[in-house]
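Observations on the three-dimensional arrangement
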Amino acid sequence: WYLAHFPTATSFLAQGALVTGEASPGYMPYPDVAARTARLMSGTKIVVIGREPIDRAYSSYRYNYVQPATDLLKRGGVHQNIPREKSDEYYAEHHLFTFEEMMRAELQVLKECFAPGGPGQVETEKMYGTASWARAEFQRRKQNKLPPLIDLDETCYGDRVSKNVPRRQWQDLLHANPDKFVDLPQLFLSQALLGRSLYLFPLEWWYLTFPKEEIYFICTEEMRDLTGEPINELTQFLGLPSYNFSSVVGEGMYNVGGHKGYDKEVTWDEVEKEANESTTDETHLSTSWSGEIPLSDEFRKELQDFIQPYNERLFELIGRRCDW
């Protein structure tokens, strides 16, 4: 079934292709997926693209919360007190939580989850502490007093609290703002705006199950290097011949903002123009956001102080640094 989703050997070779793969960010957060992939597909090379965490979280807020929530509310029928067919600006002002509200709520949950003896440590060990592929690592970390492995997605957010409260992190927000909406179909994305920006936690499981030399981490910012050398280094990791990617990178970006897909590039001038428009219009939905992120200075510092130790552990794990 899985292999049927890839080209046949005949069609693959006929097109002059040298390597194939899939883009699967949804796999990354789950320890058992890492273990299963290593067991069933040994020799697979893993490429991870990481974005500055707060920037990634804001992009996710817009793409996985604001956009789908606005679309649902416009169609109506999801909340009895919210009118349908209003403007994006109307819903943003009256019925959606701000980025800072969402991040403050999640940050509190994560601080509790990561505390020594908290649910992150305790529940993760219950689930994986006796697994044959993880047992030795749990013991090693205990003996050396190292930070524990944590299955962030499965242990930190909990289940639905009630009909009107999909996750406990939003309980106080919804109690104070009953006319605001957060109950989306894909809660695993909107609940973890910050959590999925902490690459350390899922990657520790992948580095546990795969040889280190089979994982390559590239920072999003490096992919904008107009020399193309970071992309060349990545392709050499994949076993491809060296190539000068400067002309390719110079053309612009793919699959950004309102330009979905990889059939046409968006020029750097267009990317910059869209970013400037986004800066003056927060309802402009773009995943390539590079404008000012709406956070108070005080909370931005609190977030950065929380994130940075995990970034440092990430850099030690991957053997390189990003400019974050």
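Residues numbered from 1 in each chain as written. Predicted model: local features only at pLDDT ≥ 70, side-chain atom pairs only at ≥ 80, totals over all residues. Heavy atoms only, no water.

Brief notes about the nonpolar core
Under the convention used in this document: Residues belong to a common nonpolar core when they are buried Ala, Val, Leu, Ile, Met, Phe, Trp, Tyr or Cys residues joined through side-chain atoms within 4.5 Å. Relative accessible area decides the class of each residue, using a 1.4 Å probe on protein chains only: under 20% of the type maximum gives buried, over 50% gives exposed, and in between gives partly exposed. Numbering goes from the N terminus for both helices and strands, where a helix is a DSSP run of H or I of at least four residues and a strand is a run of E of at least two. Contacts are assigned to residue pairs that have any heavy atoms within 4.5 Å of one another.
Core analysis: the biggest nonpolar cluster contains 73 residues, and Tyr-65, Phe-114, Leu-198, Leu-203 and Phe-217 have the highest contact counts within it. Elements that contribute at least two residues to this core include exactly helix 2 (31-40), strand 1 (46-50), helix 3 (53-75), helix 5 (99-114), helix 9 (171-176), helix 11 (200-209), strand 2 (215-219) and helix 15 (297-318). Not counting the four nearest positions on each side in its chain, Leu-203 is found in contact with Met-28, Val-48, Phe-217, Leu-314, Leu-317 and Ile-318.

Some words on the side chain of Arg-196
As for its position among the elements, Arg-196 is in the loop between helix 10 (187-190) and helix 11. When its relative accessible area of 15% is taken as the criterion, Arg-196 is described as buried. With residues up to four places along the chain from it excluded, the contact list for Arg-196 reads Pro-29, Tyr-30, Arg-56, Asp-153, Phe-188 and Leu-189.

So, helix 11
With nine of ten residues buried, helix 11 lies mostly within the body of the structure. Among all positions in helix 11, only Leu-200, Phe-201, Pro-202, Leu-203, Glu-204, Trp-205, Trp-206, Tyr-207 and Thr-209 are buried.

Some words on the state of the cysteines
Applicable threshold: We call a pair of cysteine sulfur atoms a disulfide whenever their separation is within 2.5 Å.
Here the structure, examined in full by the defined rule, presents two disulfides. With a sulfur-sulfur separation of 2.1 Å, Cys-113 is cross-linked through a disulfide to Cys-156. Taking the torsion about the sulfur-sulfur bond, which here is approximately -80°, the covalent link between Cys-113 and Cys-156 counts as left-handed. Residue Cys-113 is found in helix 5, and its partner Cys-156 is found in the loop between helix 8 (152-155) and helix 9; the two are separated by 43 residues along the sequence. When sorted by exposure, Cys-113 lands in the same class as Cys-156, which is buried. The partner cysteine of Cys-219 in its disulfide is Cys-322, sulfur to sulfur 2.0 Å. Taking the sign of the S-S torsion, about -80° here, the bridge from Cys-219 to Cys-322 comes out left-handed. Placement of Cys-219 in strand 2 and of Cys-322 in the segment after helix 15 is noted, with a sequence separation of 103 residues between them. Each of the two residues, Cys-219 as well as Cys-322, counts as buried.

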